[in-house]
Amino acid sequence: MQTTLIILKPDAVQRGLMGRIISRFEDKGLQIIGAKMMLISPELATRHYEVHRGKPFYDKLLRFMTCCPVLVLAIQGVGAIEISRKLMGATFGSQAEPGTIRGDFGVSNGFNLIHGSDSPESAEREISLFFTEQELLPYDRACEGWIYDISGGKPE
Ligand code: DAT
Ligand code: MG
């Protein structure tokens, strides 16, 4: 099982796309175990995007991410990190394939609706930046045995 950090960015919140984007993850069978709306502080944005510091788009990215509320999600599932990146689509809305979140809901490169962790290391780091342990609420799903084949003892 993996948990990944997803952020529905200010453009997704402003455009009223939260419900439809969340549905993509739920429809896939991934489980939301943490969710909160927040205004990201400049300090938190700096820590979250520290790998991009110094890049030409960095200042704009920080201004965008801190300008309005976002919805932060912790999403769990087998292979959740890679599956979520596939659901999101390519970084730029202009290039993302139809069928993906970025491909279906946007055309902009900078305003690309959603963030998702890109590796197990980033996921762990980013989840601890945005959620306390008490805010993560893993729970048993009655339908688990239909979402995964658990006949072999582990979810497949
Ligand atoms: P991703 O969000 O797909 O993981 P990333 O980590 O490379 O992409 O970049 C973080 C964000 O920064 C991305 O979602 C949008 C913005 N960004 C990246 N490259 C950019 C560029 N060349 N011009 C403008 N914005 C860019
Ligand atoms: Mg990234």
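Before going into details, it helps to say that this report is about the structure given with it. Chains are numbered independently. Their residues run from 1 in the order of the written sequence. As a convention, the first chain written is A and the first ligand written is 1, with the rest following in written order. Per-residue local features are limited, in this predicted model, to residues with pLDDT of at least 70; the limit for side-chain atom pairs, both in listing and counting, is 80 or more; totals at the level of whole chains, interfaces and linings are taken over all residues. Only heavy atoms go into the side-chain values, all of them from the structure, while hydrogens and water stay out.

## Some words on the site of ligand 1
Close to ligand 1 lie Lys9, Tyr49, His52, Phe57, Leu61, Arg85, Thr91, Phe92, Arg102 and Asn112. Pairing of N or O atoms within 3.5 Å defines a polar contact, subject to two protein rules: one partner must be a possible hydrogen donor and the other a possible acceptor, and residues neighboring in sequence count only if both atoms are side-chain atoms. At 2.8 Å, a side-chain N or O of Arg85 approaches an oxygen atom of ligand 1. Here an oxygen atom of ligand 1 and a side-chain polar atom of Arg102 are 3.0 Å apart. Methods summary: accessible areas were calculated by the Shrake-Rupley approach with a probe of 1.4 Å, and residue burial reflects only the protein chains presented. Here ligand 1 loses 73% of its free accessible area of 510 Å² to cover by the protein chains. Class assignment of the residues belonging to the shell around ligand 1 gives a composition of four nonpolar, three polar and three charged. Neighbouring residues are identified by heavy atoms, a residue being near a molecule or strand if any of them is within 4 Å of it. Each residue gets one of three labels, nonpolar for Ala, Val, Leu, Ile, Met, Phe, Trp, Tyr, Cys and Pro, charged for Asp, Glu, Lys and Arg, and polar for the others, Gly among them.

## Notes on helix α2 (residues 18-28)
Those residues of α2 that sit buried are Ile21, Ile22 and Phe25. One side of α2 holds all its buried residues, which, seen down the axis, span an arc of 100°. A simple rule labels every residue: compare its accessible area, found with a 1.4 Å probe on the protein chains alone, to the largest value its type can have, and call it buried under 20%, exposed over 50%, or partly exposed in between. Each helix is a run of H or I in the DSSP string that is no shorter than four residues. Each strand is a run of E no shorter than two, and both are numbered from the N terminus. Directions from the helix axis toward the C-beta atoms define the arc.

## With respect to the pattern of salt bridges
Each reported salt bridge corresponds to a side-chain nitrogen of Lys or Arg within 4 Å of a carboxyl oxygen of Asp or Glu. A complete count under the given rule lists six salt bridges for this structure. The closest approach of N and O atoms between Arg141 and Glu144, which form a salt bridge, is 2.8 Å. On the basis of relative accessible area, Arg141 is assigned to the buried category, the value being 16%.

## A few points about the nonpolar core
We define the nonpolar core as a collection of buried residues of types Ala, Val, Leu, Ile, Met, Phe, Trp, Tyr and Cys that are connected through side-chain atoms lying within 4.5 Å of one another. Ile7, Ile40, Val72 and Phe130 are the most contacted members of the largest nonpolar core, which has 20 residues in total. Those elements giving two or more residues to this core turn out to be β1 (2-8), β2 (31-38), α3 (42-48), α4 (58-66), β3 (70-77) and α7 (120-130). In terms of residues, this core owes the most to one element, α4, which gives five residues.

## A look at the sheet that holds β3
Any two strands with at least two DSSP-identified bridges between them are counted as paired. Across the sheet, four strands lie side by side as β2-β3-β1-β4; this open sheet has antiparallel pairing. With partners counted over all chains shown, the strands left at the sheet margins are β2 and β4 (114-116), one partner each. For this sheet, the mean angle separating the axes of adjacent strands, direction not counted, is 20°. Pairing between β2 and β3: seven bridges, direction antiparallel. By the bridge assignment, Met38 is partnered in β3 with Val70. By definition, residues are in contact when any of their heavy atoms lie within 4.5 Å. Simply put, an axis is a line fit to the C-alpha atoms, just over the touching stretch for a helix, and the angle between two N-to-C directions goes from 0 to 180 degrees. Most of the contacts of helix α5 (residues 80-88) go to β1, to which it runs at about 30°, and overall it touches β1, β3 and β4. The sheet contacts of α7 involve β1, β2, β3 and β4, and relative to β1 the element is tilted by about 60°.

## Focus on the side chain of Thr100
Note on placement: Thr100 falls in the loop between α5 and α6 (101-105). In this structure the side chain of Thr100 is engaged in a polar contact, spanning 2.6 Å, whose partner is the backbone oxygen of Glu97. Within polar-contact distance, the side chain of Thr100 engages the backbone nitrogen of Gly103 at 2.9 Å. Apart from residues no more than four positions distant in its own chain, Thr100 is found in contact with Arg24, Lys86, Leu87, Met88 and Gly89.

## A word on the packing of aromatic side chains
Only the six-membered ring of Trp is used, alongside the rings of Phe and Tyr, when aromatic pairs are assigned; centres must lie within 6.5 Å, and planes under 30 degrees apart are stacked while those over 60 apart are edge-to-face, with the rest tilted. According to the stated counting rule, one finds one aromatic pair in the structure shown. Consider the rings of Phe64 and Phe111, whose centres lie 4.5 Å apart with planes at 15°: the pair is stacked. Of this pair, Phe64 sits in helix α4 while Phe111 sits in the loop between α6 and β4, and the two are 47 residues apart along the sequence.

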